[in-house]
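If you want the building blocks of each chain, they are given just below.
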Amino acid sequence: MIDSSISSSSNDKIAFFQAITGLEDPDLCNEILTAHGWDLELAISAFTSSNPNPTTNTTPSSNPISPVHSNSEPWEDISAAPPDASASSSAPPGLAWKLITLPVSVVSGSLGLLAGTISLGAWVAGGLLSHSLGFLGWDPSSSAADAASSPLVSLSPAAAEALDFVSRFERDYGAAAYRPNFAAEGFVEALQRARREFKMLFVYLHSPEHPDTPAFCEGSLCSEVVAAFLNENFVAWGGSIRASEGFKMSNSLKALRFPFCAVVVQATNQRIALLQQIEGPKSPEQMLEILQRVVEESAPTLVTARLEAEERRNAIRLREEQDAAYRAALEADQARERQRKEEQEQLERAAAEAERKRKEEEEALERAAREAVEKAAALARLKQEKAMLLGTEPEKGPDVTQVLVRFPTGERKERRFCSSATIQSLYDYVDSLECLKAEKYCLVSNFPRVVFGPEKHSLSLKEAGLHPQASLFVEVDS
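Residues numbered from 1 in each chain as written. Predicted model: local features only at pLDDT ≥ 70, side-chain atom pairs only at ≥ 80, totals over all residues. Heavy atoms only, no water.

A. Here's a closer look at the overall build of the protein chain. The helix and strand inventory of the protein chain stands at 13 helices and 10 strands. Across the 478 residues of the protein chain, 40% fall into the buried class. Counting only contacts in the protein chain whose residues sit at least 6 apart along the sequence, the fraction spanning at least 24 positions is 67%. Counting only carbon and sulfur atoms, one obtains 53% of the accessible surface of the protein chain, whose full area is about 26,200 Å². (Helix = DSSP H or I, 4+ residues; strand = E, 2+ residues; numbered from the N terminus. Buried < 20%, exposed > 50% of the residue type's maximum accessible area, 1.4 Å probe, protein only. Contact = heavy atoms within 4.5 Å. Areas by Shrake-Rupley, 256 points an atom, 1.4 Å probe, with all protein chains shown as cover.)

See the structure below:
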């Protein structure tokens, strides 16, 4: 039993230490925490580094994992195969995943390597654990606070932690001529980038206080052959277990010994497939041998995934080209149809305009003909009326005037009038004849020249000096 003098804060630390390490004896947890000055981080690091659970050190061949197949992703089409003798002798111990505190599940094994699928639901548990550790006074994400608070660039906490890890790694090991190109982004973003590039994700969990860390980073990770092989064949992501995301990944991957590396790929349903784990210090030759084996055994799957993706892209591109060609043909057909309709409409409008003009011309002709008929009829009536007004031609006598009218055509007409008749009677006589088509004219005497205009129409023939006889000319007004 835990002593009653232990504070509530100590009880919380013991409970979390039990949850992380799986120890059930609270007195033992109390002793371990007391030995480490109740520093929860130091106690967890020391326990996981020097006291791995012997029940978890099983190899893939002694603890086989049933594969799970799916048609949705190429990564899940990897069939489990027993490792050969050489691989088993050089491969590090495997992990037996437990569903105790963190929701982690093993779902597939493949390629003669240790393979598991870790549910990203562990992020939730890791987040809760990180929040609780902050409540106890330890903030795993404090190391990335400065990077995340940059006023110039807005970064997510995960990206800020990754950027902080990269900068610290370059600061501590920047003297090396070669080093892995760790992604300055969160784990999920790096995993998605690896998927897009058809590469595996190399995960390095950095324990700053572990005594083997400096030698491993300088001698193995930053060696020319390992760094070049990683940069060419993997997307590399690193995280410090002192940071929030690195701490959650260490729990999800059940990191028991440090330095700790893993090779993972993205699976479906927010899961990742663990293809290889590397625990403890390794020489550059050992690292290169393990990584080469992973790449060689994963190459068929990667090539298949790349080819399938290329086929999908080609199919999409072909479909887009076909759609573009169809749209272009459709637009051309529509343009031709619009042009045809416009031309048809123009022809119809031209025909309608021509028909309108034809009808107008016909109507004008009809109207002109009708007006001509009406005018001719009116003129005939006028002539008849004027002929009636003249009355009967008088016989020769002293009061009778003989008048000769010469027309422009050379035709002559002669008639007798009473000397008391007016000049207007002469005009009526001319109008009653069929010899003149003009409407405006004047009667003119030649010797002397006298124009008998409208002002003289009321004069009698005798008063006008035309008695007893006169010769007049018809002058048509121009």
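There is more to say, and it comes next.
B. Expanded view of the sheet that holds strand 8 (residues 441-445). If you trace the five strands from one edge of the open sheet to the other, you get 7-6-10-8-9, paired in mixed fashion. Both edges of this open sheet fall to strand 7 (412-418) and strand 9 (450-452), since each of them pairs with a single strand only. On average, each strand axis in the sheet is tilted by 30° relative to the strand beside it, whichever way the strands run. When strand 6 (residues 400-406) meets strand 7, the two strands line up antiparallel, connected through seven bridges. The residue bridging valine 400 from the neighbouring strand is cysteine 418, located in strand 7. (Pairing = 2+ DSSP bridges. Axes fitted to C-alpha atoms, helices over the stretch in contact; angles between N-to-C directions.)

C. Broad picture of the side chain of arginine 416. Considering the arrangement of structural elements, one finds arginine 416 in strand 7. Take arginine 416: its relative accessible area is 17%, and that puts it in the buried class. Only 2.7 Å separates the side chain of arginine 416 from the backbone oxygen of proline 394, close enough to count as a polar contact. Non-local contacts of arginine 416, meaning those with residues more than four positions away in its chain, are made with Glu393, Pro394, Glu395, Lys396, Val400, Thr401 and Gln402. (Polar contact = N/O pair within 3.5 Å; in protein donor to acceptor, adjacent residues only side chain to side chain.)

D. Region of the structure containing the packing of helix 12 (residues 284-390) against helix 13 (residues 423-432). It is at 8 Å that the axes of helix 12 and helix 13 come closest, and there the two elements cross at 135°. Taken together, the axes of helix 12 and helix 13 lie oblique to each other. Of the two possible hands of crossing, helix 12 and helix 13 adopt the one that is left-handed. Across from Lys383, Lys386, Ala387 and Leu390 in helix 12, the residues of helix 13 making contact are Ser425, Asp428, Tyr429, Asp431 and Ser432. Classifying every residue of the contact of helix 12 with helix 13 by side-chain character gives three nonpolar, two polar and four charged. (Parallel < 35°, antiparallel > 145°, perpendicular 65-115°, else oblique. Left-handed = near helix turned anticlockwise from the far one by under 90°. Nonpolar A, V, L, I, M, F, W, Y, C, P; charged D, E, K, R; others polar.)

E. Up close: the confidence of the model for the protein chain. The predicted model of the protein chain has a mean per-residue pLDDT of 77, with 75% of residues at 70 or higher. Mean pLDDT across the elements of the protein chain bottoms out in helix 4 (residues 85-90) (35) and peaks in strand 3 (residues 234-240) (96). Below pLDDT 50 for its whole length, residues 1-5 participates in five contacts with residues either more than four positions away or in separate chains. Confidence drops under pLDDT 50 across residues 50-152; counting only partners more than four residues distant or on other chains, this segment forms 199 contacts. (pLDDT = per-residue confidence, 0-100.)

F. Examining the nonpolar core more closely. Grouped together as the largest cluster of nonpolar side chains are 30 residues, with contacts concentrated most on Phe202, Tyr204, Leu221 and Leu291. Contributing elements (two or more residues each) for this core: helix 7 (157-173), strand 2 (200-206), helix 9 (213-221), helix 10 (224-233), strand 3, strand 4 (260-266), strand 5 (271-279) and helix 12. Among the elements that line this core, the one with the most residues is helix 12, at seven residues. With 25 residues, the next largest nonpolar core counts Phe417, Leu443, Val444 and Phe452 among its residues. (Core = buried A, V, L, I, M, F, W, Y, C linked by side-chain atoms within 4.5 Å.)

G. Spatial organisation of the pattern of salt bridges. Within this structure, the stated rule accounts for 19 salt bridges. Between arginine 171 and aspartate 172 there is a salt bridge, and its shortest N-O distance comes to 3.2 Å. Residue class for arginine 171 comes out exposed when judged on its relative accessible area of 58%. Note that glutamate 411 is salt-bridged to lysine 413, the shortest N-O span being 3.6 Å. Linked by salt bridges that have partners in common, Glu185, Arg193 and Glu197 make up one network. (Salt bridge = Lys/Arg side-chain N within 4 Å of Asp/Glu carboxyl O.)

H. Structural view of the side chain of serine 419. Locating serine 419 in the fold gives a position in the loop between strand 7 and helix 13. Overall, the relative accessible area of 8% leaves serine 419 in the buried class. Residues within four places of serine 419 in sequence aside, it is in contact with Asp399, Val400, Thr401, Ser460, Leu461, Lys462 and His467.

I. A look at the pairing of strand 10 (residues 469-476). Sheet topology places strand 6 next to strand 10; five bridges connect them, and they run parallel. The partner of glutamine 402 across the bridge, within strand 10, is glutamine 469. Pairing of strand 8 with strand 10 involves five bridges; the strand directions are antiparallel. Looking across to strand 10, one finds that valine 444 is bridged to phenylalanine 473.

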